[in-house]
Amino acid sequence: MDKIESQCGTIQLCQDRQELASALADRFVEVVGAAVGRSGKANVALSGGSTPKALYSLLAEPAYSQKIAWNKVHLYWGDERCVSHDSPESNYKMVLDSLLSKVPIPESCVHATNGQDTDPVGAARAYEEVLKREFQLSDGNLPHFDLVLLGLGPDGHTASLFPGTEALKETGRLVVANYVEKFKSSRITFTLPVLNAAANVTFMVAGADKQEILPLVLRAEPKDYPAQLIRPTEGMLTWYVDSLAAARIDRRTLAARP
Ligand code: 6PG
């Protein structure tokens, strides 16, 4: 696996989706293990979409699952579609099928959104209260996740922060309902302050359909896409990309200037 240190974080160049999933599973074990060792628990925000399925399935394999203290790992969703948990569109269902149903994680460690299919605004507020409770936050404070997993859409969105949507401007809330015109529906999403407060933020980008957008979001300027607004305040930003998605990136322009 090749690596580029860029102005937009570390780029881990993986050969294919399998190597990408393995690299991320190793990072998951490392970050979660260190957090549990340090504070007795690890807080992880999961990504939705299709790319992370291979990662979640791999984490459910004994070779990885047995290295993780599941009763000390608290899982959250960085975003969710406004559907019921049994919908094929649900990010919760995707994680349930690929991971939660296969590992000994207590229900008390699984913090999913609820009610988003009938009341997105109410569900966002309720999820915000879950974060405040679980992170023991007083008003104005941010949760500091040990690890945030993110994907990248071909339009440069991440989580459910889509270009031109209201949630991109939100700086006071932790979780909001975000109406997405192209889907004619809302989604629930963590806001940029929450995502940027994490200790480790990792993007998972794979497939030829990301060839065009990846070099654009790896530019420092101009910031035309939501994914470019992910700049952890103090944490580490790492991009795990496969060779198909990375086909058009130019290593020379990316390398961080001294
Ligand atoms: C979602 C995700 C979204 C996703 C990107 C990439 O709910 O769909 O949170 O941000 O990560 O759309 O999706 P793929 O991994 O399917 O390409």
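The residue numbering used here restarts from 1 in each chain and proceeds along that chain's sequence as written. Local features in this predicted model are restricted to residues of pLDDT 70 or higher, and side-chain atom pairs are both shown and tallied only at a pLDDT of 80 or more, whereas totals for entire chains, interfaces and linings draw on every residue. Here the side-chain values reflect all heavy atoms present in the structure, with hydrogen atoms and water set aside.

A. A look at helix α4 (residues 91-98). Throughout this description, buried means an accessible area under 20% of the type-specific maximum (1.4 Å probe, protein chains only), exposed means over 50%, and partly exposed covers the range between. Helix and strand definitions follow DSSP, with helices as H or I runs of at least four residues and strands as E runs of at least two, each counted in order from the N terminus. Of the positions making up α4, those classed as buried are Asn91, Tyr92, Met94, Val95 and Ser98. All buried residues of α4 project into a common sector of 160° when viewed along the axis, lining one side. Sitting at the head of α4, Ser90 places a side-chain oxygen 3.1 Å from the backbone nitrogen of Tyr92. Regarding the arc, it is the one traced by the directions from the helix axis to the C-beta atoms. Pairing of N or O atoms within 3.5 Å defines a polar contact, subject to two protein rules: one partner must be a possible hydrogen donor and the other a possible acceptor, and residues neighboring in sequence count only if both atoms are side-chain atoms.

B. Representation of the side chain of Asn200 within the structure. Note on placement: Asn200 falls in strand β10 (residues 200-205). A distance of 2.8 Å separates polar atoms of two side chains, one belonging to Asn200 and the other to Arg27. We call two residues in contact whenever any of their non-hydrogen atoms come within 4.5 Å of each other. Apart from the residues lying within four places of it in its own chain, the contact partners of Asn200 are Arg27, Val31, Phe145, Asp146, Leu147, Val148 and Met236.

C. Focus on the sheet that holds β10. Taken together, eight strands build an open sheet; the order of strands is β1-β2-β11-β10-β7-β3-β4-β6 and the sheet is mixed. Strands at the two margins of the open sheet, each flanked by one partner only, are β1 (2-6) and β6 (110-111). Axis lines are fitted through C-alpha atoms, for helices just across the contact stretch, and the angle between N-to-C directions can take any value from 0 to 180 degrees. Lying over the sheet, helix α1 (residues 17-39) contacts β2 (9-14), β3 (42-46), β4 (73-77), β7 (147-151), β10 and β11 (236-242), oriented at roughly 155° with respect to β11. Whether two strands pair comes down to DSSP finding at least two bridges between them.

D. Local environment of the layout of surface pockets. The space that makes up the largest pocket amounts to roughly 340 Å³. The way it works is a 1 Å grid over only the protein atoms, where trapped points that fit a 1.4 Å probe form a cavity and open points with protein on both sides within 12 Å along at least five of seven lines form a pocket, and then any residue with an atom within 4 Å of a point lines it. For the largest pocket, the lining is made up of 25 residues, of which Gly48, Gly49, Gly151, Leu152 and His157 are closest to its centre. Listing elements by their share of the lining of the largest pocket, those giving two or more residues are β5 (79-81) and β7. Element by element, the count of residues in the lining of the largest pocket is highest for β7, at three residues. The nonpolar class holds Ala, Val, Leu, Ile, Met, Phe, Trp, Tyr, Cys and Pro. Asp, Glu, Lys and Arg form the charged class, and all remaining residues, Gly among them, are polar. Here the lining of the largest pocket is built from residues that sort into 10 nonpolar, 11 polar and four charged. Space inside the second largest pocket adds up to approximately 180 Å³. In terms of lining, the second largest pocket is formed by 14 residues, of which the most central are Lys132, Gly140, Gly172, Arg173 and Leu174. A breakdown of the residues in the lining of the second largest pocket according to their chemical character gives three nonpolar, five polar and six charged. Grid points are joined across faces, edges and corners, and a volume is the space filled by probe spheres set on the points.

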